[in-house]
Amino acid sequence: MEKIKKLQLPLMLVVAFLLVFLVRGTASAAEVQTIVPTVGGAESASVYQYEVSAKAGGTLTVVPVQIANAGLVSLEISVQAEQKDIMLVLSQSPNSVEGDNLLNFSIGCLHTTLHYYAEEPCTRYLMFFTKEEQALSVTVKAYQDTVTVTSDGQLQNKKWADGYAYTEKDAFFRVNVGSSGCFKVEIEPEDAQQKISVNLLNGKKKEISSDATSYEKITYYGVKKGTYYFKVSTTGKFRIRSTFETVKEKNNTSKAKAVVLKRGKTEKGLFRLGDKKIERYYKVNLTKDQTVKISIPSKGHLDEQFFLVIYQLKGKKLQAVKITGGLKKKGNVKLKLKKGTYYFVVEGCGYTGSYTIQWK
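Since this is a predicted model, take the numbers as computed values, not measurements.

About the criteria used
Residues numbered from 1 in each chain as written. Predicted model: local features only at pLDDT ≥ 70, side-chain atom pairs only at ≥ 80, totals over all residues. Heavy atoms only, no water. Helix = DSSP H or I, 4+ residues; strand = E, 2+ residues; numbered from the N terminus. Buried < 20%, exposed > 50% of the residue type's maximum accessible area, 1.4 Å probe, protein only. Contact = heavy atoms within 4.5 Å. Areas by Shrake-Rupley, 256 points an atom, 1.4 Å probe, with all protein chains shown as cover. Pairing = 2+ DSSP bridges. Core = buried A, V, L, I, M, F, W, Y, C linked by side-chain atoms within 4.5 Å. Axes fitted to C-alpha atoms, helices over the stretch in contact; angles between N-to-C directions. Salt bridge = Lys/Arg side-chain N within 4 Å of Asp/Glu carboxyl O.

**Some details on the overall build of the chain**
Here's step 1: Assigned secondary structure in the chain consists of 1 helix and 29 strands.
Here's step 2: Buried residues in the chain amount to 47% of all 360 residues.
Here's step 3: Expressed as a percentage of contacts within the chain between residues at least 6 apart in sequence, the contacts between residues at least 24 apart total 78%.
Here's step 4: Total accessible area on the chain stands at roughly 18700 Å², and carbon and sulfur atoms take up 49% of it.

Okay, here's the thing in structure tokens:
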């Protein structure tokens, strides 16, 4: 099968060339068999054959495509001709090819597939034409998947939901949470090669942060209580699941509000999207010199910007003792510390998600 070669001509020249044909007229929509895509896969496609006689100066044939359902239409097109200067376009009107009506345009192709997402039942017009005098034999296989873009999806905690998005028509899923906490979002595309991303929006469908987009199949977002939307960008079917973990915030964003960290006890923490204060303070009192083991498992986004800084209290001032950068998911830290009072400060610069901290 010959690969499709993209048209190099400027769009305005192409439109001007087409308008010449449209003004003088060629095979009209009324003179050709209307294409009606069959609901189902390629194996159940309806097949149409068109024979176009050679004419001086080239030919233009306009074929109506009657789309009876909302969904994705596929037109598999094969062209047999003496030359290869064949052009194809799918338009909203039989008399114009303006702007975004040019859904696909190729030159020198013998086999190609046009895809079009219909938001509602409609009629579009398939145009195939040449600039040179030559006969064409065109076969069109037409079928449609009636799946529609998910615009008002609802997510229930821990339950999978099916979705569909197409090109720049994103899918949206709404979720409400009654407390602060962390979303764990899982995305599974139907096709392993399918590119997919998820973005967290607020209740007005506005992006919360430029860092809130993930191309990973699992991602995490720390949030306060409220209404949110997950925007999924892809082309094709997928399924999505959101698991919400409630995390009660303790407002330990300064030395004066530090949470006393007791040995063997686990404390939960959270960094929300849009947090201006990126430090969480924990206080440890050592009555003797000893080795301290700290575990900080995390569930979040941008782990490479997740840090632990250890300060020792010297009089009324804090003196940095140790800084650990790029904490991994398990975040184990082992330190030899002298007797005294210490502050363990978790810093989440650019990090969003939850974590736990434990003095073992």
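**Quick notes on the pairing of strand E4 (residues 59-67)**
Here's step 1: The buried count for E4 comes to 8 of 9 residues, which makes it a mostly enclosed element.
Here's step 2: The pairing of E4 with strand E9 (residues 122-130) spans 9 bridges and is antiparallel. Pairing of Val-63 across the sheet is with Leu-126, part of E9.

**Topic: the nonpolar core**
Soluble globular proteins tend to bury their nonpolar side chains together.
Here's step 1: Of all hydrophobic cores here, the largest spans 25 residues; its most connected members are Ile-35, Tyr-50, Leu-75, Ile-77, Leu-126 and Phe-128.
Here's step 2: Residue contacts for Ile-77: discarding those within four places in its chain leaves Leu-88, Leu-110, His-111, Thr-112, Leu-114, Leu-126, Val-138, Thr-139 and Val-140.

**Here we look at the sheet that holds strand E12 (residues 161-165)**
Here's step 1: One open sheet accounts for 4 strands, arranged E12-E19-E14-E17; its pairing is antiparallel. Single-partner strands in this sheet number two, and they are E12 and strand E17 (218-223). Put simply, the sheet's adjacent strands are angled 30° from each other on average, direction ignored.
Here's step 2: In this structure, E12 lies alongside strand E19 (residues 236-246), joined through 5 bridges in antiparallel fashion. Each residue of the ladder has a partner; that of Ala-165, found in E19, is Gly-236.

**Some points on unusual backbone geometry**
Here's step 1: Of note, the phi angle at Lys-158 is positive, near 70°, even though the residue is not glycine.
Here's step 2: Following the sequence through the fold, Lys-158 ends up in the loop between strand E11 (153-154) and E12.
Here's step 3: Judged by relative accessible area, Lys-158 falls into the exposed class, the value being 54%.
Here's step 4: The backbone phi angle of Thr-167 is positive, close to 45°, even though this residue is not glycine.
Here's step 5: Tracing the backbone through its elements, the reader meets Thr-167 in the loop between E12 and strand E13 (171-177).

**So, the pattern of salt bridges**
Here's step 1: Counting across every chain of the model gives 11 salt bridges.
Here's step 2: Residue Glu-186 is joined to Arg-241 by a salt bridge in which the shortest nitrogen-to-oxygen separation is 2.8 Å. Highlighted residues: Glu-186 in strand E14 (residues 181-189) and Arg-241 in strand E19, separated in sequence by 55 residues.
Here's step 3: Exposure remark for Glu-186: the relative accessible area of 11% places this residue in the buried category.
Here's step 4: Among the salt bridges present, the one from Arg-239 reaches Glu-188, with a minimum N-O distance of 2.8 Å. Highlighted residues: Arg-239 in strand E19 and Glu-188 in strand E14, separated in sequence by 51 residues.
Here's step 5: The exposure class of Glu-188 is partly exposed, given its relative accessible area of 36%.
Here's step 6: Several salt bridges converge on common partners, so that one network encompasses Glu-249, Arg-272, Asp-275 and Arg-280.

**Here we look at the side chain of Thr-253**
Here's step 1: Note that Thr-253 resides in the loop between E19 and strand E20 (259-260).
Here's step 2: By relative accessible area, which is 15% here, Thr-253 ends up buried.
Here's step 3: With sequence-adjacent residues up to four places away left out, Thr-253 is seen in contact with Lys-277, Glu-279, Arg-280 and Tyr-281.

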